[in-house]
Amino acid sequence: MTKEYVDIESPFTGGKVFEVRDVEEKKFRGDKYTVNVRYYLCEDTGEQFTAPEQDAVWTEELYSQYRAKHGIPSPEEIRLTRERYGLSRSQMALILGFGVNQMKNYEDGQVPSESNGKMLRIASNPFTMMHLLEISRNEFPASEYERLREKVALNCFGQSRGHGFALTPSFV
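Residues numbered from 1 in each chain as written. Predicted model: local features only at pLDDT ≥ 70, side-chain atom pairs only at ≥ 80, totals over all residues. Heavy atoms only, no water.

### Description of the pattern of salt bridges
Piece 1. Per the counting criterion, the structure on display carries 15 salt bridges.
Piece 2. By sharing partners, the salt bridges in this structure join Glu134, Arg137, Glu146 and Arg149 into a single network. (Salt bridge = Lys/Arg side-chain N within 4 Å of Asp/Glu carboxyl O.)

Written out as structure tokens, the structure reads:
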């Protein structure tokens, strides 16, 4: 642990404040993780307080460790997977069986459950995504389904139906 004075006033007494840097164990969804924390300490009262930026740093570190442990993609990976297929959030959500708001929240940093995280991870495989689309075909009007199928197929085969590849995978 390190502690040094900073040039801010205590919100409790108006007195001096230390910035403390330490390592703490935090619990998240039943698992324990070690993260670097920073917080302020009022010299007069000994009370701790934080700024939102300080909390955001250790929280992101915690979430990253959880994602790595459970194989859950990062928000950036989730967004890039969806964009690679040329899908909107609502289209991706329908294919994966999620709510539209869930997709937005996951892309904005919310940590998915382990099951949703695994679904997002396997969706990055184009052939798996094609299968997921096939079993979700009734979620879309026929014309939209065909357009989506063409988009996903480009990631599987590098070409669309109009260029000589059949799009019906063996698992359909």
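### Details of the environment of Val17
Piece 1. You can see Val17 is positioned in strand S2 (residues 17–28).
Piece 2. We classify Val17 as buried; its relative accessible area is 0%.
Piece 3. Once the C-alpha coordinates of Val17 and Tyr5 are considered, the two residues, twelve residues apart in sequence, prove to be 5.8 Å apart.
Piece 4. Beyond its immediate chain neighbours, meaning those up to four positions away, Val17 contacts Glu4, Tyr5, Val6, Ile8, Glu9, Ser10, Tyr40, Leu41 and Phe49. (Helix = DSSP H or I, 4+ residues; strand = E, 2+ residues; numbered from the N terminus. Buried < 20%, exposed > 50% of the residue type's maximum accessible area, 1.4 Å probe, protein only. Contact = heavy atoms within 4.5 Å.)

### Digging into the packing of helix H3 (residues 89–96) against helix H6 (residues 126–135)
Piece 1. Relative to each other, H3 and H6 sit at 80°, their axes nearing to 8 Å. Considered as vectors, H3 and H6 are oriented roughly perpendicular to each other. Every residue of H6 that contacts H3 at Met92, Ile95 and Leu96 is listed here: Met129, Leu132 and Leu133. (Axes fitted to C-alpha atoms, helices over the stretch in contact; angles between N-to-C directions. Parallel < 35°, antiparallel > 145°, perpendicular 65-115°, else oblique.)

### Quick notes on helix H4 (residues 100–107)
Piece 1. For H4, every residue scored as buried is listed here: Met103, Tyr106 and Glu107. Projection of H4 onto a plane perpendicular to its axis shows the buried side chains occupying an angular sector of 95°, all on one side.
Piece 2. Just past H4, the residue Gly109 takes up positive phi, approximately 120°. (Arc of directions from axis to C-beta.)

### Let's talk about the sheet that holds strand S1 (residues 2–6)
Piece 1. The strand order across the open sheet formed by four strands is S1-S2-S3-S4, and the pairing between neighbours is antiparallel. Both outer strands of the open sheet, S1 and strand S4 (48–49), are each paired with one neighbouring strand and no more.
Piece 2. Bridge analysis of S2 against strand S3 (residues 31–42) gives twelve bridges, and the strand direction is antiparallel. Residue pairing for S3: Val23 is matched across the bridge by Asn36.
Piece 3. Set on the sheet, helix H1 (residues 52–70) makes contact with S2, S3 and S4; between it and S3 the angle comes to about 175°. (Pairing = 2+ DSSP bridges.)

### Some points on the packing of aromatic side chains
Piece 1. A complete count under the given rule lists seven aromatic pairs for this structure.
Piece 2. Here Phe28 and Tyr66 contribute two aromatic rings whose centre-to-centre distance is 5.0 Å and whose plane-to-plane angle is 90°, an arrangement assigned as edge-to-face. Taken as a pair, Phe28 in strand S2 and Tyr66 in helix H1 lie far apart in primary sequence, 38 residues in all. Neither residue differs from the other here; Phe28 and Tyr66 are each classed as buried.
Piece 3. Judged by centre distance (5.3 Å) and plane angle (35°), the ring pair of Tyr40 and Phe49 falls under tilted.
Piece 4. You can call Phe49 buried: its relative accessible area is 17%.
Piece 5. Here a set of aromatic residues connected by ring pairs shows up, and it is made of Phe28, Tyr33, Tyr63 and Tyr66.
Piece 6. For the cation-ring pair, Lys3 lies above Phe18, with the distance from its terminal atom to the ring centre recorded as 4.6 Å. (Phe/Tyr/Trp six-rings, centres within 6.5 Å; stacked < 30°, edge-to-face > 60°. Lys NZ or Arg CZ within 6 Å of the ring centre and 35° of its normal.)

### Concerning the packing of H6 against helix H7 (residues 142–157)
Piece 1. Two numbers describe how H6 lies on H7: the axes approach to 8 Å, and their chain directions differ by 165°. In terms of their interaxial angle, H6 and H7 are classed as roughly antiparallel. In terms of crossing hand, the pair formed by H6 and H7 is left-handed. Counted together, Pro126, Phe127, Met129, Met130, Leu133 and Glu134 of H6 and Tyr145, Leu148, Arg149, Val152, Ala153, Asn155, Cys156 and Phe157 of H7 form the full contact between these two elements. (Left-handed = near helix turned anticlockwise from the far one by under 90°.)

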